[in-house]
Amino acid sequence: MLERLIEKLDALSQDFEQKAASVKTEQELQALRVEFLGKKGHLTQFFRHLAELPPEQKPLLGQKVNQLKNQFQKRIQEISDSLQNKAVSAAEIDVTLPGNRPFAGRLHPLMQVLDEIKEIFKGMGFTVEMGPEAETDYYNFEALNIPKDHPSRDLQDTFYLAHNQMLLRTHTSPVQIRTMESRKPPIRIIAPGRCFRNDTPDATHSPMFHQVEGLVVDEGVSFADLKGVLLSFMQKLFGKNTKIRFRPSFFPFTEPSAEYDVSCIMCGGKGCRVCKDTGWLEISGAGMVDPAVFGFVEYDAEKYTGYAFGMGVERIAMLKYQIGDIRMFYENNVRFLTQF
Ligand code: DAH
């Protein structure tokens, strides 16, 4: 019985080698593995015969079967390696295949627009200032001439930090106060950054958004300077045919105050869907610094005048890239972000 089994094992080994030699694909290799080493494979059958043998013969056959098992496994591994090598070298010499471009990150579209805004203002002699996102009531409202009971506070409801009486700033205007407190004129700054309001998100509102503030203070600064700077800024950003216009408005920290618009970047002012047939796109507010604000920072309002302006970064990015919904900026959808 033992001899017969050993003969059978030898035949099995030959059969295996023969089949192994003709394997050309991963599938064929897998089939070979199943046929010889699988749960119902040839070799597994032999372990069953072991039980039928007299005890003194068991070790010998056991050893044989194990040897064969190792031999099969080794051979299958060799074939698998060589199949893989072939696949790799075949790919290596196929110079017509496209390369694997590694995924590279990029700046968020809002940061790209912000960089562009900064560069334009730097070119006009402005420096860039930063302020904290968590502010005191004093910097966000009081010193900007917005007292506790002023109705304009209603438009800028925000998030209050209960533990320290601070709030998330509703605009970048507090950086005006911080800058004027810490140095004397001449001042020529922009202040970009994140702002927050207690707004329900929709296509044009987000509880978190970005603004760029501007402030210039010196002797003899006029509304004409404000107009000139905003016009050249908009022309650098949207093209040299861009026009701007000012409409009278109200802000507690500027007097006189205005809201400013640019001629529609889609139709050039003729009227279209984007500008709702008005020819103009609203940007934000601006004006001459209110003497009351100079009072808070102890600047001599008889000697100095200044202008200030704000702008929304999302608004500008949406116009520039024709994006219809502000929420797309914050959804982290890679298919959206990689378009910029
Ligand atoms: N802070 C204003 C807002 O968020 C925008 C603004 C208006 C800024 C007039 C200014 C300005 O500097 O002069 O609505």
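This text goes with the structure placed above it.
Below you will find a few notes about this structure. Since the structure is predicted, the reported quantities are computational estimates derived from the model, not experimental observations.

About the thresholds
Residues numbered from 1 in each chain as written. Predicted model: local features only at pLDDT ≥ 70, side-chain atom pairs only at ≥ 80, totals over all residues. Heavy atoms only, no water. Helix = DSSP H or I, 4+ residues; strand = E, 2+ residues; numbered from the N terminus. Buried < 20%, exposed > 50% of the residue type's maximum accessible area, 1.4 Å probe, protein only. Contact = heavy atoms within 4.5 Å. Areas by Shrake-Rupley, 256 points an atom, 1.4 Å probe, with all protein chains shown as cover. Lys, Arg positive; Asp, Glu negative; His and termini not counted. Charge placed at Lys NZ, Arg CZ, Asp CG, Glu CD. Near = heavy atom within 4 Å. Polar contact = N/O pair within 3.5 Å; in protein donor to acceptor, adjacent residues only side chain to side chain. Nonpolar A, V, L, I, M, F, W, Y, C, P; charged D, E, K, R; others polar. Core = buried A, V, L, I, M, F, W, Y, C linked by side-chain atoms within 4.5 Å. Pairing = 2+ DSSP bridges. Salt bridge = Lys/Arg side-chain N within 4 Å of Asp/Glu carboxyl O.

**Notes on the overall build of the chain**
When helices and strands are counted, the chain shows eleven helices and ten strands. With the C-alpha coordinates aligned to their principal axes, the bounding extent of the chain is approximately 120 × 50 × 35 Å. Scored against the burial criterion, the 340 residues of the chain give a buried share of 42%. Counting only contacts in the chain whose residues sit at least 6 apart along the sequence, the fraction spanning at least 24 positions is 66%. In the form shown here, the chain has an accessible surface area of approximately 19,200 Å², with 53% of it arising from carbon and sulfur atoms. Considering the chain, the positive charge centre built from 41 side chains and the negative charge centre built from 44 side chains are found 7 Å apart.

**Side note on the site of the ligand**
As a structural note, the neighbourhood of the ligand is formed by 17 residues, with H171, S173, R197, Q211 and E213 the closest of them. S173 places a side-chain nitrogen or oxygen 3.0 Å from a nitrogen atom of the ligand. In the environment of the ligand, an oxygen atom lies 3.2 Å from a nitrogen or oxygen atom belonging to the side chain of Q176. Summarising the interface, the protein chains cover 93% of the accessible area of the ligand, which totals 350 Å² for the free molecule. Among the elements that take part in the shell around the ligand, strand β9 (residues 280-289) stands out by supplying four residues, more than any other. Taken together, the residues of the shell around the ligand break down into five nonpolar, ten polar and two charged.

**A closer look at the nonpolar core**
In terms of nonpolar packing, the biggest core is built from 46 residues, with F121, L230, F233, Y260, Y307, F309 and M311 touching the most fellow members. The greatest single-element share of this core, amounting to seven residues, is contributed by helix α8 (residues 223-238). Excluding its chain neighbours within four sequence positions, the residues that come into contact with F233 are I117, I120, F121, M124 and M311.

**Some details on the environment of F126**
Within the element layout of this structure, F126 appears in the loop between α5 (109-123) and β1 (127-128). Remark: the alpha-carbon pair of F126 and D137, spanning eleven residues in sequence, is separated by 27 Å. Sequence-distant contacts of F126, that is, excluding residues within four places in its chain, are made with F121, R188, I189, I190, L215, V216, V229 and Y307.

**What about the sheet that holds strand β2 (residues 134-135)?**
Ordered in space as β2-β4-β3, the three strands form an open sheet in which the pairing is antiparallel. At either end of the open sheet lies a strand with only one pairing partner, and these are β2 and β3 (160-161). As paired strands, β2 and strand β4 (residues 166-168) are joined by two bridges and run antiparallel to one another. Its bridge partner being in β4, A134 is matched across the sheet by L168.

**Looking at the side chain of T179**
Along the chain, T179 falls in helix α7 (residues 174-182). Residue classification places T179 among the buried residues on the basis of a relative accessible area of 3%. A polar atom in the side chain of T179 sits 2.6 Å from the backbone oxygen of V175. Apart from residues lying up to four places away in sequence, T179 is in contact with E129, I187 and I189.

**Points about the pattern of salt bridges**
Going through the model one piece at a time under the given rule, you end up with 17 salt bridges. In this structure, K148 engages D137 in a salt bridge whose closest nitrogen and oxygen atoms are separated by 3.4 Å. On the criterion of sequence distance, the pair formed by K148 in the loop between α6 (137-140) and β3 and D137 in helix α6 is long-range, its members being eleven residues apart. For K148, a relative accessible area of 58% corresponds to the exposed category. Taking the shortest distance from any N to any O, the salt bridge between R327 and D325 comes out at 2.8 Å. Residue class for D325 comes out buried when judged on its relative accessible area of 19%. Connected through shared salt-bridge partners, D137, E142, K148 and R153 make up one network.

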